[in-house]
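Now for the letters of each chain:
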Amino acid sequence: MTDETIRVLVVDDDPGARSLHGRFVSGTPGFSLAGTAGTGDAAVLRGRRGGIDLILLDMRLPDISGVEVLHRLRTLGARSPDVLVISSSRDQVTVRQALAAHVVGYLVKPFTQEALRERLRVYRAERRARERNERDRPLAQGEIDRLLSTGRIRVPGAPPRPVPRPSAPAAERSAPHPSRLPKGLSEVTLARIVEALDPVAPLSAAELSERCSVSRATARRYLDHLVAEGAIDLAHRYGRRGRPEVLYRLVPSPGADQE
């Protein structure tokens, strides 16, 4: 395996699908099958061990959902592998939750070998372009200042850094700069929303609206903005009937997971 080979983990609860998709990966130039997993917990454990560049992730798993796998991988920060969803799930809740977690693509089952190979070729080209841009792009003064103070630089095309700092006391959490807020959003209300959120205990939009004394529609507007900024993660809670309830929690700070 060369340094340019992209190492792939295939995650699916169906042994036949794991085998088939593994062969698809192995047959794509520039990609290598690094392993397979049949559960979400196994996928997270393998991702934490390192040596994986891309995960092909099914959203329907026997233990935890694919969305929860995405959330746990996000706690790895810069060490988190990229994820391409491969799933038969096409409902809006699942798709939106996956896209909000900054996956590199969403491929609906069943698909052909050529369809997957094309997605992988596009991903490889975008990955190379991102790496070149990260290496060669001149830094602006603000980015140099940020690098000096935090050791981190925002890379174009990469998910935004979390806005709040979960490790800080609640009173010290800060909302995005008001000049960056979309029209109709208030700095004061946004700060109140961020203050009410937690990196461990997720809240629904209804619970948040009650806690912040705003309407559910208002709470959802601010939550949608924070999701787009990469400041909060989505999870879900299954009830006995109907669709799962969408839950929101602050993105853990980089380095919070030391495993």
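Because the structure is predicted, anything quoted here is derived from the model rather than measured. (Residues numbered from 1 in each chain as written. Predicted model: local features only at pLDDT ≥ 70, side-chain atom pairs only at ≥ 80, totals over all residues. Heavy atoms only, no water.)

**A short note on the overall build of the protein chain**
Applied cut-off: Numbering goes from the N terminus for both helices and strands, where a helix is a DSSP run of H or I of at least four residues and a strand is a run of E of at least two. Only protein chains enter the accessibility calculation, which uses a 1.4 Å probe; a residue whose area is less than 20% of its type maximum is buried, one above 50% is exposed, and one in between is partly exposed. Any two residues having at least one pair of non-hydrogen atoms within 4.5 Å are treated as being in contact. In short, Shrake-Rupley with a 1.4 Å probe defines the accessible areas, and a residue's cover is counted only from the protein chains shown.
Secondary structure assignment for the protein chain yields nine helices and eight strands. Looking at the protein chain as a whole, 44% of its 259 residues are labelled buried. Sequence separation of 24 or more characterises 61% of the internal contacts of the protein chain that already satisfy a separation of 6 or more. Of the roughly 13,900 Å² that the protein chain leaves accessible, carbon and sulfur atoms contribute 49%.

**Section: the pairing of strand β4 (residues 82-87)**
Note the following rule: For two strands to count as paired, DSSP must find a minimum of two bridges between them. We call a crossover right-handed when, viewed with both strands directed away from the observer, the connection leading from the first strand over the helix to the second proceeds clockwise.
Burial analysis of β4 places six of its six residues in the buried class, the great majority of the element. Neither face of β4 is open: one carries Asp82, Leu84 and Ile86, the other Val83, Val85 and Ser87, and all of them are buried. Where strand β3 (residues 54-57) lies against β4, four bridges are found, and the strand directions are parallel. Following the sheet pairing, Leu54 is matched in β4 by Asp82. In this region the chain leaves β3, passes through helix α3 (residues 66-74) and returns to the parallel neighbour β4; the handedness of that crossover is right-handed. Note: β4 against strand β5 (residues 105-108), four bridges, orientation parallel. Looking at β5, one finds that Ser87 is bridged to Val108.

**Side note on the sheet that holds strand β1 (residues 6-11)**
Selection rule: Here an angle of 0 to 180 degrees is reported between the N-to-C directions of two axes, which are lines fitted to C-alpha atoms, with helices fitted over the stretch in contact.
Across the sheet, which stays open at both edges, the five strands sit in the order β2-β1-β3-β4-β5 with parallel pairing between neighbours. Strands with a single pairing partner mark the edges of an open sheet, and in this sheet they are β2 (31-37) and β5. Strand-to-strand twist across the sheet, computed as the mean angle between neighbouring axes with direction ignored, equals 20 degrees. Across the sheet, helix α1 (residues 15-26) lies against β1, β2, β3 and β4, angled at about 165 degrees from β2, the strand it touches most.

**Quick look at unusual backbone geometry**
Pro110 follows Lys109 through a cis peptide bond whose omega is -10 degrees. Turning to its location among the elements, Pro110 is positioned in the loop between β5 and α5 (113-136). A positive phi is found at His102, a non-glycine position, where the angle reads about 65 degrees. Since its relative accessible area comes to 28%, His102 is described here as partly exposed. In this structure, Ser213 takes a positive phi of about 60 degrees despite not being glycine. Along the polypeptide, Ser213 turns up in the loop between α8 (205-212) and α9 (216-228). The exposed category is assigned to Ser213, whose relative accessible area is 65%.

**Points about the pairing of β1**
Taken across its six residues, β1 has five buried, putting it largely inside the fold. As a crossover connection, the stretch from β1 through α1 into β2 is right-handed. Both β1 and β3 contribute to a ladder of four bridges, which runs parallel. Bridge assignment links Val8 to a residue of β3, and that residue is Leu54.

**Some remarks on the confidence of the model for the protein chain**
Quick reminder of the rule: How sure the predictor is of each residue is captured by pLDDT, a score from 0 to 100.
Across the protein chain, the average pLDDT comes to 78, with 73% of residues at or above 70. Contacts from residues 150-179, a stretch scored under 50 in pLDDT, to residues over four places away or in other chains number 62 contacts.

**A closer look at the pattern of salt bridges**
We count it as follows: Whenever a carboxyl oxygen of Asp or Glu lies within 4 Å of a side-chain nitrogen of Lys or Arg, that contact is scored as a salt bridge.
Applying the stated criterion across every chain, the model contains 11 salt bridges. Here Lys109 makes a salt bridge to Asp12, at a shortest N to O gap of 2.4 Å. On the criterion of sequence distance, the pair formed by Lys109 in the loop between β5 and α5 and Asp12 in the loop between β1 and α1 is long-range, its members being 97 residues apart. In this structure, the salt-bridge partner of Glu114 is Arg121, at a minimum N-O distance of 2.6 Å. Classification of Glu114 as partly exposed rests on a relative accessible area of 43%. Take Arg121: its relative accessible area is 35%, and that puts it in the partly exposed class. Taken together, the salt bridges that share partners define one network made up of Arg7, Asp53, Asp82 and Arg127.

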